[in-house]
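Observations on the model geometry
The primary structure of each chain is shown beneath.
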Amino acid sequence: MAKIVGAITTSHVPSIGGAIAKGLQQDPYWKPFFDGFPPVRDWLAKVRPDVVVLVYNDHGLNFFLDKMPTFAIGAAREYRNADEGWGIPTTQPFQGDPELSWHLIEQLVAEEFDIVSCQEMTVDHAFTLPMALCWPDQKWPVRTVPVVVNTVQAPLPSAARCYKLGKALARAIASWPKDERVVVMGTGGLSHQLDGERAGFINKEFDLQFMESMVSNPAWATKYSTLELVELSGTQGVELLNWVVARGMLPEKVRKQHANYHIPISNTATGMMLLEPAA
Ligand code: DHB
Ligand code: FE
């Protein structure tokens, strides 16, 4: 039986890719952000996952505004990255796990989640950069399953729906007969707003409450509507919905192995957490 061994949640600001390319990890601007990751890498070396199920939002590389699924899952043999115009190097392709992907899609559709299944899919910075933060040599030692949540174009799925999606994904993984270790990732956030009158908006108080809720009160964010979450965290801060899905994939009780919070990287308040099932 497959087992979820933990969840890693992190911001995915594109300029992280530029900092990696230029080797700026020890630069005073970047150090407080990159310092969050060595404990995650130590943990990964210890748990040696077989598969990463990575929950993120696509920013226009794979889905554009003309076709925007609420939830989509990749079912390809391989996922390629491509130039999004941020001026950052593209990464090596990622190996997929089509068998596990189809199992997840079938189980979720049976549970009345109307998933878009993608036999071809490109992956953007929200997928590649968290992977590069975990495996800096970029020789990906895991198979991957991309889970895409629309946090981009209204109407967005509610936090309550995202939390339920996480729980359904956890049930689907638990029913996968292969004896494999699965790491969950949720990327995006925390508070940021890139456009409009509130461009530059950051809400530290809310971010820290949200991060605390990820440990002690996982359904906390579900009391808010998506519009309230946009108000509290910004038009792009609402990417935290990907964290809510990832958190839903862990049991009620978790252990916080590590966390980091730093303002700002680019326009974003960055957060990262490493959570393990408590028992
Ligand atoms: C930034 C943050 C994001 O999450 C993103 O997808 C693009 C840009 C930023 O802060 O620059
Ligand atoms: Fe983003």
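The structure contained in this document is the topic of the report that follows. (Residues numbered from 1 in each chain as written. Chains lettered and ligands numbered in written order. Predicted model: local features only at pLDDT ≥ 70, side-chain atom pairs only at ≥ 80, totals over all residues. Heavy atoms only, no water.)

1. Description of the sheet that holds strand β1 (residues 3-10)
Reading across from one edge, β6-β3-β7-β2-β8-β1-β10-β9 is the order of the 8 strands in this open sheet, with mixed pairing throughout. Two strands close off the open sheet at either side, each with one partner strand: β6 (116-118) and β9 (254-265). Neighbour to neighbour, the strand axes of the sheet diverge by 15° on average, direction disregarded. Examined bridge by bridge, strand β2 (residues 51-56) and strand β7 (residues 143-149) share 6 bridges and lie parallel to one another. Considered in β7, the bridge of Tyr56 is made with Val148. Contacting β1, β8 (181-187), β9 and β10 (268-277), helix α3 (residues 38-47) runs over the sheet at an angle of about 165° to β1. Its contacts with the sheet put helix α5 (residues 125-134) on β1, β2, β7 and β8, and the angle it makes with β2 is roughly 135°. (Pairing = 2+ DSSP bridges. Helix = DSSP H or I, 4+ residues; strand = E, 2+ residues; numbered from the N terminus. Axes fitted to C-alpha atoms, helices over the stretch in contact; angles between N-to-C directions. Contact = heavy atoms within 4.5 Å.)

2. Concerning the coordination of the iron ion (ligand 2)
Taken together, the protein ligands of the iron ion (ligand 2) are His12 (NE2), His59 (NE2) and Glu239 (OE), with distances of 2.0 to 2.2 Å. Mapped onto the polypeptide sequence, the residues donating to the iron ion (ligand 2) form the spacing pattern H-x46-H-x179-E. Linking His12 in the loop between β1 and α1 (15-22) with Glu239 in the loop between α8 (226-233) and α9 (241-248), this pair joins segments that are 227 residues apart in sequence. Residues His12 and Glu239 agree in their burial class; the two are buried. (Donors = N, O, S within 2.8 Å, 3.2 Å for Na, K, Ca; no water. Buried < 20%, exposed > 50% of the residue type's maximum accessible area, 1.4 Å probe, protein only.)

So far we have only geometry, and geometry alone does not tell us how the molecule works.
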